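Geometric and topological summary
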Amino acid sequence: MRKFECVDHELVIGGVKATEIVQKYGSPVYVTDENAIRANYRNIYQAFSKKMPTRINYACKANTNLAILRILEQEGSCIDAVSIGEIEACLRSGFSPDRILYTGVNVSDAELRAVVARGVPINIDSFSELERLAKITTDHQISFRVNPEVGSGHHDKVITGKRSTKFGIPKHQILEAYKRAVELGFKPAGLHAHIGSGGQTVEPFIEMVETLITIVQELAAMGIELNFLDIGGGIGIPYRPEESAMDLDKMAAEITSRIKSKTKIKEIIIEPGRYIIADSTIILTKVVDIKETPDKKYAGIDAGFNTLIRPAMYDSYHHVAVANKFDLPAEEVYSLGGPICETGDVMAKDRELPKVEEGDIIAIYDAGAYGFTMSSNYNMRPLPREVLVKDGEITLIRESETVEELFRHQRIPSRLML
Ligand SMILES: *Cc1c(COP(=O)(O)O)cnc(C)c1O
């Protein structure tokens, strides 16, 4: 959880007051601080690259706004992409195909052909995908995703590395996969595993790396030398005030010392999404309604799970503050309900806040990862704007939708118009 500046009782992000942003761009609005993205990227890059050659593959499913991708392109980041749409977003933002790694799951032939056509290396997830790719080409960089049978994450729905999940080649079949790839004419370049999203401790990463090292050694004994290890697993962030950040220096030291002493691996890839982007962005949302039920006080806001689905989907905690009463003491306990007609549309439960009134602006923290990218038109609500702030300047980076645009792909058959 970031600390924000306070000027005239107001939360300030990127040198701009919250109320000024809402006055100019409306509510709700996603506000992203450019300097925070750059600082996060540099932190994680430096932690690992001072130990061994490192590539940061930003897992862009967290946030694919083109302006944000441009910032990361300028920083020298590479990309982990999971769909052809994400690949296109990155190519448009200036990433060359060799800086992108495609890690799909349940990949169709059409998507495989599209990825091959764009020259983007592929992390293969199954034997089926390997055989289907071989029918398209064997002259393509591949690596394999193994299921490491180690899982970690902030919620069961995002733990990917357990034995029973749909992801990766089962551990006991991974050597067979490389053997088959070589037989088919591929030269596999690396090995990948991903334990889950939002893990906050180093131990599961170490356990996974030990598994990867064993596989690398077994492959070396078969005459297959790999160039890179792709150490997947989202790195968690402290969403709650009392949580602390992952110790990246410790993580880097524990991982790289093992790889350097036990393998000939030349480069590691780290693929954070949330770590780079989550705390760069807040949602500013207006209080539109106040309601007292017999046992709860609600402040009604104009952002719901159509704008940020994490609380409803994963029971996630997002810190909130009254942006225009930022330094006032807490007085009452409120739950913040959104405009979506479902009981689960509560963005924050039982929070101590200053007295909240209609017209106040609430800031929802850490909304940069899986905020806009998981937003929806549910309840026929147009998607809000995204703006970028930096050193006192605000720039629009995505226009809001209009209600009219919600109908652009629908067709009413003429026989229903009679
Ligand atoms: C989602 C994902 C990540 C990133 O997860 P975060 O928790 O956002 O860091 C990394 N690698 C792969 C393969 C993913 O699917």
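So, here is what we can say about the structure in this document. (Residues numbered from 1 in each chain as written. Predicted model: local features only at pLDDT ≥ 70, side-chain atom pairs only at ≥ 80, totals over all residues. Heavy atoms only, no water.)

1. Examining the overall build of the chain
Applicable threshold: Runs of H or I in DSSP of at least four residues are treated as helices and runs of E of at least two as strands, each being numbered from the N terminus. For the radius of gyration, the atom set is restricted to C-alpha positions; the globular benchmark scales as 2.2 Å times the number of residues to the power 0.38. Residues count as neighbours in contact if any of their non-hydrogen atoms are within 4.5 Å of one another. Each accessible area value is a Shrake-Rupley result obtained with a 1.4 Å probe; residue values ignore everything except the protein chains displayed when judging cover. His residues and chain termini do not enter the charge count, which takes Lys and Arg as positive and Asp and Glu as negative. Lys charges are placed at NZ, Arg charges at CZ, Asp charges at CG and Glu charges at CD.
Along the chain, the regular secondary structure elements total 11 helices and 21 strands. In summary, the chain has a C-alpha radius of gyration of 23 Å against a globular reference of 22 Å for 418 residues, a match within 12%. Counted over contacts in the chain with a minimum sequence separation of 6, partners at least 24 positions apart contribute 69%. Per element, the accessible surface of the chain, about 18,200 Å² overall, is 49% carbon and sulfur. Of the charged side chains in the chain, 50 are positive and 59 negative, and the gap between their average positions amounts to 5 Å.

2. Regarding the site of the ligand
The criterion, for reference: Any residue with at least one heavy atom within 4 Å of a molecule or strand is counted as near it. N or O atoms within 3.5 Å of each other form a polar contact, as long as, within protein, one can give a hydrogen and the other can take it, and as long as residues adjacent in sequence are counted only when both atoms are side-chain atoms. Three residue categories are used. Nonpolar comprises Ala, Val, Leu, Ile, Met, Phe, Trp, Tyr, Cys and Pro, charged comprises Asp, Glu, Lys and Arg, and polar comprises the others, including Gly.
Around the ligand, the structure places 14 residues, and the nearest of them are Lys61, Ser197, Glu271, Arg274 and Tyr370. In the environment of the ligand, a nitrogen atom lies 3.4 Å from a nitrogen or oxygen atom belonging to the side chain of histidine 194. For the ligand, a nitrogen atom lies 2.5 Å from a polar atom in the side chain of glutamate 271. Protein coverage of the free-state accessible area of the ligand, which is 390 Å², stands at 95%. Considered class by class, the residues forming the shell around the ligand number 4 nonpolar, 5 polar and 5 charged.

3. Some remarks on the sheet that holds strand 3 (residues 16-17)
Heads up, the condition is: Strands are labelled as partners when DSSP assigns at least two bridges between them.
The sheet built from 3 strands is open, its strands ordered 1-2-3 with antiparallel pairing. Two strands bound the open sheet, and with one partner strand each, they are strand 1 (5-7) and strand 3. Bridge analysis of strand 2 (residues 10-13) against strand 3 gives 2 bridges, and the strand direction is antiparallel. Paired with isoleucine 13 across the two strands is valine 16, which belongs to strand 3.

4. A closer look at the packing of aromatic side chains
The criterion, for reference: Planes of paired rings set the category: under 30 degrees apart is stacked, over 60 is edge-to-face and the rest tilted, where pairs are Phe, Tyr or Trp rings (Trp by its six-membered ring) whose centres lie within 6.5 Å.
Counted under the stated rule, the structure contains 5 aromatic pairs. On the basis of an interplanar angle of 85° and a centroid distance of 5.3 Å, the ring pair of phenylalanine 4 and tyrosine 365 is categorised as edge-to-face. Of the two residues, phenylalanine 4 is situated in the segment before strand 1 and tyrosine 365 in the loop between strand 19 (361-364) and strand 20 (385-390); the sequence distance between them amounts to 361 residues.

5. Quick look at the nonpolar core
To keep things clear, this is the line we draw: Nonpolar cores are built from buried Ala, Val, Leu, Ile, Met, Phe, Trp, Tyr and Cys residues. Side-chain atoms within 4.5 Å join them into one set. Buried residues are those whose accessible area, probed at 1.4 Å on protein chains only, stays under 20% of the maximum for their type, while exposed residues exceed 50% and partly exposed ones sit between those limits.
In this structure, Phe48, Phe144, Leu191 and Ile259 are the most contacted members of the largest nonpolar core, which totals 79 residues. For this core, the element with the highest residue contribution is helix 8 (residues 203-221), accounting for 9 residues. Those residues in contact with isoleucine 259 that sit more than four places away from it in its chain are Met52, Val209, Ile213, Leu229, Ile231, Ile265 and Ile268.

6. With respect to a nonpolar patch on the surface
The test is simple: Patches here are clusters of residues that have more than 30% relative accessible area and form no salt bridge, with a 9 Å joining cutoff for like charges and a 5 Å cutoff for nonpolar side chains (Val, Leu, Ile, Met, Phe, Trp, Tyr). What counts as a salt bridge is simple: a side-chain nitrogen of Lys or Arg found within 4 Å of a carboxyl oxygen of Asp or Glu.
Together, Met380, Val403 and Phe407 make up a nonpolar patch on the protein surface, roughly 280 Å² of accessible area in all. The topology assignment puts valine 403 in the segment after strand 21 (393-398). Judged by relative accessible area, which is 48%, valine 403 ranks as partly exposed.

7. Points about the pairing of strand 6 (residues 78-81)
This is how it is decided: With its strands directed away from the observer, a crossover is right-handed exactly when the path from the first strand over the helix to the second travels clockwise.
Of the two faces of strand 6, the one carrying Cys78 and Asp80 and the one carrying Ile79 and Ala81 are both buried. Alignment of strand 5 (residues 54-59) against strand 6, held across 3 bridges, turns out to be parallel. Looking across to strand 6, one finds that alanine 59 is bridged to aspartate 80. Running through helix 3 (residues 66-75), the crossover from strand 5 to the neighbouring parallel element strand 6 is right-handed. Pairing of strand 6 with strand 7 (residues 100-102) involves 3 bridges; the strand directions are parallel. Residue pairing in the sheet places aspartate 80 in a bridge with leucine 101 of strand 7. Handedness of the crossover is the feature at issue here: the chain leaves strand 6, passes through helix 4 (residues 84-92), returns alongside strand 7, and the resulting connection is right-handed.

8. Thoughts on helix 6 (residues 127-136)
Operational definition: Each direction from the helix axis to a C-beta atom contributes to the arc, which is the arc of those directions.
All of the buried residues along helix 6 are Glu129, Leu130, Leu133 and Ala134. Down the axis of helix 6, the buried side of the element spans an arc of 135°, and every buried residue falls inside it. Along its buried surface, helix 6 packs onto helix 5 (109-117), strand 8 (122-124), strand 9 (142-147) and helix 7 (174-184).

9. Examining the pattern of salt bridges
Applying the stated criterion across every chain, the model contains 26 salt bridges. With a shortest N-O distance of 2.8 Å, aspartate 33 and arginine 2 are connected by a salt bridge. Of this pair, aspartate 33 sits in strand 4 (residues 29-33) while arginine 2 sits in the segment before strand 1; the two residues are 31 residues apart in sequence, bridging distant segments of the chain. Given a relative accessible area of 5%, aspartate 33 falls into the buried group. Assessed through its relative accessible area of 18%, arginine 2 is described here as buried. A salt bridge links arginine 99 to glutamate 73; the shortest N-O distance between them is 2.7 Å. One end of the pair, arginine 99, is in the loop between helix 4 and strand 7; the other, glutamate 73, is in helix 3, with 26 residues separating them in the sequence.

10. A few points about the pairing of strand 4
Within strand 4, 5 of the 5 residues are buried, which leaves it mostly tucked inside the rest of the structure. Burial along strand 4 is two-sided: the residues Val29, Val31 and Asp33 and Tyr30 and Thr32 are all buried. Bridge count between strand 4 and strand 14 (residues 281-292): 4 bridges; the pairing is antiparallel. Within strand 14, the position partnered with valine 29 by the bridge is leucine 284.

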